[in-house]
Amino acid sequence: MVMEGILKPKIFRGMAIGAMVGTAFAGFGVYHHKQMLVLAASKEYVDFDKLMASPVTPVKQLIEESDTMKTRMEMMVMKTQAEVCRALEKVEGGAKFKIDKWQRKEGGGGIVCIIEDGKVFERAGVNISVVEGELSPKAVAQMRTRGKKLKDGTLPFFATGVSCVIHPRNPMIPTLHFNYRYFEVDQDGEKQWWFGGGTDLTPYYLNKDDVKLFHGTLKKACDKHDETYYPEFKKWCDNYFVLTHRDERRGVGGIFFDDVDKPSQEKAFEFVKDCAKAIIPAYLPIVNKHKNDGYGYKERQWQLIRRGRYVEFNLVHDRGTKFGLFTPGARIESILMSLPQTAKWQYNHTPEEGSKEWELWQVLKTPQNWI
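As the structure is a computational prediction, the values presented were derived from the model and not from experiment. Numbers given for residues are sequential positions, taken from 1 along each chain in its written order. Whole-chain, interface and lining totals are the exception, using all residues; otherwise, since this is a predicted model, local features are given only for residues with pLDDT of at least 70 and side-chain atom pairs are given and counted only at 80 or more. Note that the side-chain values use all heavy atoms of the structure and ignore hydrogens as well as water.

Caption draft 1: Structural detail: the overall build of the protein. Across its full length, the protein carries 12 helices and 13 strands. Across the 371 residues of the protein, 53% fall into the buried class. Under the convention used here, a 1.4 Å probe and the Shrake-Rupley method define accessible areas, while residue burial counts only the protein chains that appear. Per element, the accessible surface of the protein, about 17,300 Å² overall, is 53% carbon and sulfur. Going along the chain from the N terminus, every DSSP run of H or I of four or more residues is numbered as a helix, and every run of E of two or more is numbered as a strand. For every residue, the accessible area (1.4 Å probe, protein chains only) is compared with the maximum for its type, and the residue is labelled buried under 20%, exposed over 50%, or partly exposed between those bounds.

Here is the structure:
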């Protein structure tokens, strides 16, 4: 939450109490009281009690580095994780996410939140990671293919992000994926930084109204910052989530961007925050609309076949999966959380022409403009 203008009385009292009975770091413009971290200089605050778990980075370090983008982004991804998890728990009727906090011996760690075998969600995972250490030569080589001017060998890095994949039980509800991340690399005393991320939808049956709602919500978030963002990042999404060996898209797209380092670090951060805030209003109305829809064996089998395509993309093409697998000390369970519990491959399968399955398949072969 961002406090505009004058601090609200309720927040101000919390800061005053922190200064009186907690720990005040006036030099940093930071106040820490019990389970709340207030970043006064940037007008942001984080209530630790509302997060899914305690932060990965020690609180003392967060306070000392409060005005760095590393700390601000870590707090943003943790807040996003908590907001999405609470919203999904409500849809599930009270079911709770299993929380698995892990550490990486090379530096940092993460928090996995996952629901499996739910009434609405067959698998839903919302992960955050905060890692640092040395980039492997393979990871450096991968970044250089994207135009990053990095020298050979290992390089110190920091990365934090939130990643989510939701695989619903009902084939009438689309799968959702989102990921928002921040990266820093130190090279020869200079720091290179960039943001990346996106949100995309993978339906099993095409409902044009749902897709329009989804894209419209993302466009609104983009337009708040730059009206060129949505068309640019939609096209990027359409061209990224492609199974080139099958000549089809994974889904109906959304937005996708990488290596964003302009117009400034602060403005890029605000853009990423607004994209993250758009997730719940873009997706949950679709879930609630279709969670009680009827379906049969045919629809389930088509869902499993399309899930097979999802697996193919993630393991063959996805850069995030590859980066994770190339990173020393990576947590494989967290990386592969994006895969569905069940999927199917049927030899030379082609949907019947004119069927609802065929209708979706045609859209996957030729991206559409939904707005």
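Caption draft 2: Inspection of the pattern of salt bridges at higher detail. Criterion for a salt bridge: a side-chain nitrogen of Lys or Arg within 4 Å of a carboxyl oxygen of Asp or Glu. Applying the stated criterion across every chain yields a total of 23 salt bridges. Between Glu122 and Arg169 there is a salt bridge whose closest N-O contact spans 3.9 Å. One end of the pair, Glu122, is in strand 7 (residues 121-135); the other, Arg169, is in the loop between strand 8 (155-168) and strand 9 (175-187), and 47 residues separate them in sequence. Look at the salt bridges and you will find they share partners, linking Glu122, Arg169, Arg300 and Arg307 into a network.

Caption draft 3: Main features of the packing of helix 3 (residues 69-91) against helix 8 (residues 279-290). Comment: axis = line fitted to C-alpha atoms, over the contacting stretch for helices; angle = value between 0 and 180 degrees taken between N-to-C directions. Interhelical geometry of helix 3 versus helix 8 gives an angle of 15 degrees and a closest axis separation of 11 Å. Here helix 3 lies roughly parallel to helix 8, going by the angle between them. Here helix 3 runs over helix 8; the crossing is right-handed. Here Thr80, Glu83, Val84, Ala87, Leu88 and Val91 of helix 3 lie close against helix 8, whose contacting residues are Ile279, Ile280, Leu284, Val287 and Asn288. When the residues that make up the contact of helix 3 with helix 8 are grouped by side-chain class, the tally is eight nonpolar, two polar and one charged. Each angle is binned into one of four classes, with values under 35 degrees roughly parallel, values over 145 roughly antiparallel, values of 65 to 115 roughly perpendicular, and all other values oblique. Take the far helix as the reference: if the near one is turned anticlockwise from it by less than a right angle, the crossing is left-handed, and if turned clockwise, right-handed. It only takes one pair of heavy atoms within 4.5 Å for two residues to be counted as in contact. Residue polarity is assigned by list, with Asp, Glu, Lys and Arg as charged and Ala, Val, Leu, Ile, Met, Phe, Trp, Tyr, Cys and Pro as nonpolar; anything else, Gly included, falls into the polar class.

Caption draft 4: Structural view of empty space enclosed by the protein. Of the grid points, spaced at 1 Å and generated over the protein atoms alone, those admitting a 1.4 Å probe that cannot get out make up cavities, while open sets with protein on both sides within 12 Å along at least five of seven lines make up pockets; any residue with an atom within 4 Å of a point is treated as lining. Grid points are joined across faces, edges and corners, and a volume is the space filled by probe spheres set on the points. Considering all chains together, one arrives at three cavities of 30 Å³ or more under this definition. Here the largest cavity defines a volume of roughly 1,000 Å³. Asn179, Gly320, Thr321, Phe323 and Gly324 are, among the 46 residues lining the largest cavity, the residues nearest its centre. Its boundaries defined by the atoms lining it, the second largest cavity holds a volume of some 80 Å³. Cys237, Asp238, Phe241, Arg249, Gly251, Val252, Gly253, Val363, Pro367, Gln368 and Trp370 together form the lining of the second largest cavity. Class assignment of the residues belonging to the lining of the second largest cavity gives a composition of six nonpolar, three polar and two charged.

Caption draft 5: Region of the structure containing the packing of aromatic side chains. Planes of paired rings set the category: under 30 degrees apart is stacked, over 60 is edge-to-face and the rest tilted, where pairs are Phe, Tyr or Trp rings (Trp by its six-membered ring) whose centres lie within 6.5 Å. This model, assessed by the stated rule, comprises 20 aromatic pairs. Centre to centre, the rings of Phe233 and Trp236 are 6.3 Å apart; their planes meet at 50 degrees, and the pair counts as tilted. Taken together, the residues span about one helical turn, with Phe233 and Trp236 both in helix 6 (residues 229-240) at a distance of three residues. For Trp236, a relative accessible area of 29% translates into the label partly exposed.

Caption draft 6: How the structure looks around the sheet that holds strand 7. What makes two strands pair is DSSP finding at least two bridges between them. One open sheet accounts for seven strands, arranged 5-6-7-8-9-10-13; its pairing is antiparallel. The open sheet has two edge strands, strand 5 (98-103) and strand 13 (253-260), and neither has a second partner. In this sheet, neighbouring strand axes are inclined to one another by 5 degrees on average, regardless of whether the strands run parallel or antiparallel. In terms of strand pairing, strand 10 (residues 190-202) meets strand 13 through six bridges, oriented antiparallel. From the neighbouring strand, Gly198 faces strand 13, where its bridge partner is Phe256. Against the sheet, helix 8 contacts strand 7, strand 8, strand 9 and strand 10, and its axis sits at roughly 160 degrees relative to strand 9.

Caption draft 7: Spotlight on a nonpolar patch on the surface. On the surface, a cluster of nonpolar side chains totalling about 480 Å² of accessible area is made up of Leu315, Val316, Leu325, Phe326, Ile332 and Leu336. Elements with a contribution of two residues or more to the nonpolar patch: helix 9 (297-316) and helix 10 (319-326). For Phe326, the position within the fold is in helix 10. Excluding any residue in a salt bridge, patches collect residues exceeding 30% relative accessible area, merging like charges within 9 Å and nonpolar Val, Leu, Ile, Met, Phe, Trp and Tyr side chains within 5 Å.

Everything listed here is a matter of geometry and, on its own, says nothing about what the molecule does.
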